[in-house]
Amino acid sequence: MKAGMPICSLAGALALALVASPALAATIEVTIDKLVFTPASIEAKVGDTIEWVNKDAFAHTATVKGDWEVMIPPESKGRMTLEKAGAVDYFCRFHPNMKGHLDVAP
Amino acid sequence: MSIKHTASLAALVALLLVSATPFAQAADKPTDPQIAHIAYTAGVIDVEAAKLAIEKSKTKEVVDFANDMVRDHEAVNVQALDLVKKLKVTPEDNATSQALSKAAEEERAKLAKLEGAAFDKAYVANEVAYHKQVNGALETLLIPSAENAELKSLLETGLKIFQGHQQHAEHVAGMLK
């Protein structure tokens, strides 16, 4: 009975820690204007959300070959929450001359 | 007279080095109304070719690519029309636009006779070649000749779009092999 208390507290602390960490996640904005990603290179961490703001009248994508793709409609936004750490190059599948880079820390 | 002649000759030589075809006829520096007409025509041509591909092709990658071409070129041309309206410029038909349209008509007639994989290959190969040709003309003739800053800026965006399409077309061509 007495031993139950600390275990309970520990579980509570763990639960709190798990809930608390996403609160630190940031939203990072990348602007697309005239077929250019700005900033072209982003440093983020797992849990952060990248929001692409497309000012062009053209649809774009943010695509990582063989992994993920975000559609970014004309004069609109596309977003994605980063789920894994690592450095990736992404590009627009419609206009492969548009390139960006993400450095995702754990 | 002689300055104009020299300039025309230089433009002609530059064009012949870049590409042999419709743009070679534009020896004289085009005016803004002519440039607007050429750029618009170039877009319409690609939309028409794409519509043929959407109708004929059974290959997803080719149809997707063609849909991308329709969407982008129609969007560019809406911007072009908005701009000429704002600038009160009336696009002016000219020998380059006419030569472009004529070449495109011949190409479409050729493509219309092909089916299946032969069509896909020929359409995508022509898309690579056509975008390359238009990019060359934008870089060496149309952008440098444009007087109006907004027109120049739209052409520069158009060039980036076209360069993107060229890479996209090259990618699709690679997948068809």
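Residues numbered from 1 in each chain as written. Chains lettered and ligands numbered in written order. Predicted model: local features only at pLDDT ≥ 70, side-chain atom pairs only at ≥ 80, totals over all residues.

## Concerning the overall build of chain A
Counting its secondary structure elements, chain A contains one helix and nine strands. Tracing chain A from N to C terminus, the helices and strands come up as α-β-β-β-β-β-β-β-β-β. The buried share of chain A, taken over its 106 residues, is 24%. Here the contacts in chain A between residues at least 6 apart in sequence split such that 46% fall between residues at least 24 apart. (Helix = DSSP H or I, 4+ residues; strand = E, 2+ residues; numbered from the N terminus. Buried ≥ 20, exposed ≤ 12 C-beta atoms within 10 Å, placed from the backbone. Contact = placed C-beta atoms within 7 Å.)

## Examining the overall build of chain B
When you go through chain B residue by residue, the secondary structure sums to six helices and zero strands. Listed N to C, the secondary structure of chain B is α-α-α-α-α-α in terms of helices and strands. Here chain B, with 177 residues, has 37% of them falling under the buried criterion. Taking contacts inside chain B between residues at least 6 apart in sequence as the whole, the part at least 24 apart equals 77%.

## Some remarks on the UniProt feature "domain: DUF4142" (unreviewed entry) in chain B
Following the UniProt record, the feature "domain: DUF4142" (unreviewed entry) maps to residues 31–171 of chain B here. As annotated, residues 31–171 of chain B has a helix share of 88% and a strand share of 0%, and its two end C-alpha atoms lie 35 Å apart. (UniProt positions renumbered as here; feature names shortened; annotations may be inferred.)

## Observations regarding unusual backbone geometry
Residue and element names in this part refer to chain A. Cis geometry is adopted by the peptide bond preceding Pro39, which originates at Thr38 and carries an omega value of -5°. Looking at where Pro39 falls in the secondary structure, it is placed in the loop between β2 (36–38) and β3 (41–45). For Lys34, which is not glycine, the phi torsion reads 50° and is therefore positive. With respect to the helices, strands and loops of the structure, Lys34 is situated in the loop between β1 (27–33) and β2.

## Some thoughts on the pairing of strand β5 (residues 60–63) of chain A
Residues and elements named next belong to chain A. Both β5 and strand β6 (residues 69–72) contribute to a ladder of four bridges, which runs antiparallel. Bridged to Ala62 within β6 is Val70. Between β5 and β6, which pair antiparallel and follow one another directly, the connecting turn spans five residues, one of which, Gly66, has a positive phi of 70°. (Pairing = 2+ DSSP bridges.)

## Remarks on the interface of chain A and chain B
Tallying the contact residues gives eleven residues for chain A and 13 residues for chain B. Of the residues assigned to the side of chain A that touches chain B, the class counts are eight nonpolar, two polar and one charged. (Nonpolar A, V, L, I, M, F, W, Y, C, P; charged D, E, K, R; others polar.)

## Overview of the environment of Gln34(B)
Residue and element names in this part refer to chain B. The topology assignment puts Gln34 in helix α2 (residues 32–56). Linking Gln34 and Ile54, residues 20 residues apart in sequence, is a C-alpha distance of 30 Å. Look past the residues within four positions of Gln34 in its chain and what remains in contact with it is Glu92 and Asn94.

## What to know about the nonpolar core
Inside soluble globular proteins, nonpolar side chains tend to come together where they are buried. In terms of nonpolar packing, the biggest core is built from 52 residues, with Ile35(B), Ala39(B), Val62(B), Leu142(B) and Leu155(B) touching the most fellow members. Of all the secondary-structure elements, those providing two or more residues to this core are β1, β4 (49–54) and β8 (86–91) of chain A together with α2, α3 (60–87), α4 (95–112), α5 (116–145) and α6 (149–176) of chain B. Not counting the four nearest positions on each side in its chain, Ile35(B) is found in contact with Pro30(B), Leu142(B), Ser145(B), Ala146(B) and Leu151(B). (Core = buried A, V, L, I, M, F, W, Y, C linked by C-beta atoms within 7 Å.)

## Digging into the sheet that holds β1(A)
All names here are of chain A. As summarised here, the arrangement of the four strands in space is β2-β1-β4-β7, forming an open sheet in which the pairing is mixed. Looking at the sheet topology across the chains shown, the edges are occupied by β2 and β7 (77–81). The sheet shows a mean angle of 20° between the axes of neighbouring strands, taken without regard to direction. Bridge analysis of β1 against β4 gives six bridges, and the strand direction is parallel. (Axes fitted to C-alpha atoms, helices over the stretch in contact; angles between N-to-C directions.)

## Regarding the pairing of β4(A)
Residue and element names in this part refer to chain A. The alternating pattern of β4 places Ile50, Trp52 and Asn54 on a buried face and Thr49, Glu51 and Val53 on a face that is not buried. By the bridge criterion, five bridges tie β4 to β7 in an arrangement that is antiparallel. Paired with Ile50 across the bridge in β7 is Met80.

## Some remarks on the packing of α3(B) against α6(B)
All names here are of chain B. Put simply, α3 and α6 touch, their axes get as near as 11 Å, and they point 175° apart. Relative to α6, the element α3 lies roughly antiparallel. Where α3 approaches α6, its residues Glu61, Val62, Phe65, Asp68, Met69, Asp72, Val76, Gln79, Ala80, Leu83 and Leu87 are matched on the opposing element by Glu150, Leu151, Leu154, Gly158, Ile161, His165, His168, Ala169, Val172 and Met175. Along the lines of polarity and charge, the residues of the contact of α3 with α6 split into 13 nonpolar, four polar and four charged. (Parallel < 35°, antiparallel > 145°, perpendicular 65-115°, else oblique.)

## With respect to the packing of α5(B) against α6(B)
Residue and element names in this part refer to chain B. One can describe the packing of α5 onto α6 by two numbers: an axis separation of 9 Å at closest approach and a directional angle of 155°. Comparing the axis directions of α5 and α6 gives the class roughly antiparallel. As α5 packs across α6, the resulting crossing turns out to be left-handed. Broken down by class, the residue content of the contact of α5 with α6 amounts to 14 nonpolar, six polar and eight charged. (Left-handed = near helix turned anticlockwise from the far one by under 90°.)

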